[in-house]
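Observations on chain architecture
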Amino acid sequence: MLTFLLRNSCKNVRAVTLTTKLKLTKSLLFRMPKRHQVTYVDPITRGIPDGVQRKVGYWLMGMAGLTFGAIVIGGVTRLTESGLSMVDWHPFKEVPPRTEEQWLEEFEKYKQFPEYEHVVREHGEMTLSRFKFIWHMEWGHRQWGRLIGVAYAIPAALFWYKGYFNKGMKIRVACYGALIGFQGLLGWYMVRSGLKAPPRPAGLDPNEEFVGVPRVSHYRLAAHLSTAAILYSLFLWSGFSHLLKHPNIVRFPQVRNLKILGHSTKALMFTALIFGEIFYLFNCIGSTFMISIVEIVTHQSWFAKKLLIEN
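Here is what the cut-offs are and how they apply
Residues numbered from 1 in each chain as written. Predicted model: local features only at pLDDT ≥ 70, side-chain atom pairs only at ≥ 80, totals over all residues. Heavy atoms only, no water. Salt bridge = Lys/Arg side-chain N within 4 Å of Asp/Glu carboxyl O. Helix = DSSP H or I, 4+ residues; strand = E, 2+ residues; numbered from the N terminus. Buried < 20%, exposed > 50% of the residue type's maximum accessible area, 1.4 Å probe, protein only. Patch = residues over 30% accessible without salt bridge, like charges linked within 9 Å, V, L, I, M, F, W, Y side chains within 5 Å. Areas by Shrake-Rupley, 256 points an atom, 1.4 Å probe, with all protein chains shown as cover. Axes fitted to C-alpha atoms, helices over the stretch in contact; angles between N-to-C directions. Parallel < 35°, antiparallel > 145°, perpendicular 65-115°, else oblique. Contact = heavy atoms within 4.5 Å. Nonpolar A, V, L, I, M, F, W, Y, C, P; charged D, E, K, R; others polar. Expected span 1.5 Å × (residues − 1).

The next subject is the pattern of salt bridges. Side chains carrying opposite charge are able to pair once their charged atoms draw close together. Applying the stated criterion across every chain yields a total of five salt bridges. Taking the shortest distance from any N to any O, the salt bridge between Glu106 and Lys109 comes out at 3.4 Å. In this pair, Glu106 and Lys109 are both assigned in helix α3 (residues 100-111), three residues apart and thus about one turn of the helix distant. Exposure remark for Glu106: the relative accessible area of 12% places this residue in the buried category. For Lys109, a relative accessible area of 27% corresponds to the partly exposed category. With its nearest N and O atoms 3.0 Å apart, the salt bridge here joins Glu138 to Arg142. Of this pair, Glu138 and Arg142 both sit in helix α5 (residues 128-162), four residues apart, roughly one helical turn. No difference in accessibility class separates Glu138 from Arg142, as the two residues are buried. Salt bridges sharing partners connect three or more residues here, namely Asp88, Glu106 and Lys109.

Right, here's the structure in full:
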């Protein structure tokens with residue numbers, strides 16, 4: 001019985017102590033000057049009801065997921081060397097051949113470009129079944145891009161009509177749409193660079209046989225990838241702005257330092273992504289550069305953790 005009473009007494013003391021601490025913290029925060037109490041509200045969500053914000057936020061997060069999928073599919077298309085299998089581009093009427101004659105006709109068009117000669121030289125032959133595989137890979141990549149356009153345009157028009165966007169968000173929606181269209185045009189502009197015969201190196205003897213490897217422009221490829229990464233980041237950022245609610249926080253120097261670390265880390269990772277594409281095509285020191293970037297990011301993450309724990 002005595003043990004039971006002692007345990008209850010200890011619990012009551014702990015509860016009173018915890019309540020006192022909470023009241024003290026609340027009173028200190030209440031007495032703090034208003035300029036130190038900050039609730040961040042993204043301008044694109046001001047004046048928009050919470051329910052509407054959730055709808056727009058889920059849509060934007062879905063767009064971020066589709067964009068991430070496009071990046072992955074683009075990487076697979078590149079690894080399977082399928083990017084130059086479709087030698088023409090039609091914005092709205094690209095459908096797979098249905099008959100064997102149509103496939104042979106498409107295959108003959110492919111044979112007219114340097115990519116076919118390179119594949120035959122490297123692998124001995126290019127069969128029709130192999131061509132069908134790489135053609136479908138590139139076609140799927142393009143169709144995914146069109147899916148992104150439709151999934152963006154229809155909800156954006158509907159939400160705009162219903163008044164779900166304020167002035168700031170309308171500007172972003174227009175910019176995002178323009179960026180999606182630019183990304184599609186940039187993709188074909190990139191593919192066109194790989195359909196040309198590789199240029200002869202300067203100083204090579206004119207009588208010497210030159211066997212080049214057809215490749216897309218590394219600058220256009222880096223631009224294509226960076227545009228997709230920017231789109232993904234923008235969709236994710238705007239989606240979080242609509243879905244996450246920020247409570248009152250106390251403004252202190254460590255928060256500013258952490259934001260600087262976060263933005264600098266993102267900039268370094270973006271730089272690594274772009275230079276990784278360029279260095280891969282040049283067969284240069286891409287691996288060393290990537291390792292260096294990862295080391296810097298690792299140290300920054302450790303510093304951020306140490307900063308938050310010790311301060």
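From this point, the discussion proceeds with the structure in view.
Our focus in this paragraph is a nonpolar patch on the surface. On the surface, a cluster of nonpolar side chains totalling about 250 Å² of accessible area is made up of Phe68, Val72 and Val76. Mapped onto the secondary structure, Phe68 falls in helix α2 (residues 50-79). Among the residues examined, Phe68 registers a relative accessible area of 46% and is labelled partly exposed.

Time to look at the packing of α3 against α5. Relative orientation of the contacting elements α3 and α5 amounts to 80 degrees, with a least axis distance of 11 Å. Relative to α5, α3 is oriented roughly perpendicular. Side by side, α3 and α5 meet where Glu100, Trp103, Leu104, Glu106, Phe107 and Tyr110 of the first sit next to Leu128, Phe131, Lys132, Ile134, Trp135 and His136 of the second. Here the residues of the contact of α3 with α5 are counted per class, giving eight nonpolar, one polar and three charged.

Given a rise of 1.5 Å per residue, 30 residues ought to cover 44 Å, and the 43 Å separating the end C-alpha atoms of α2 matches this to within 8%. Looking at the residues trailing α2, positive phi occurs at Glu81, about 55 degrees.

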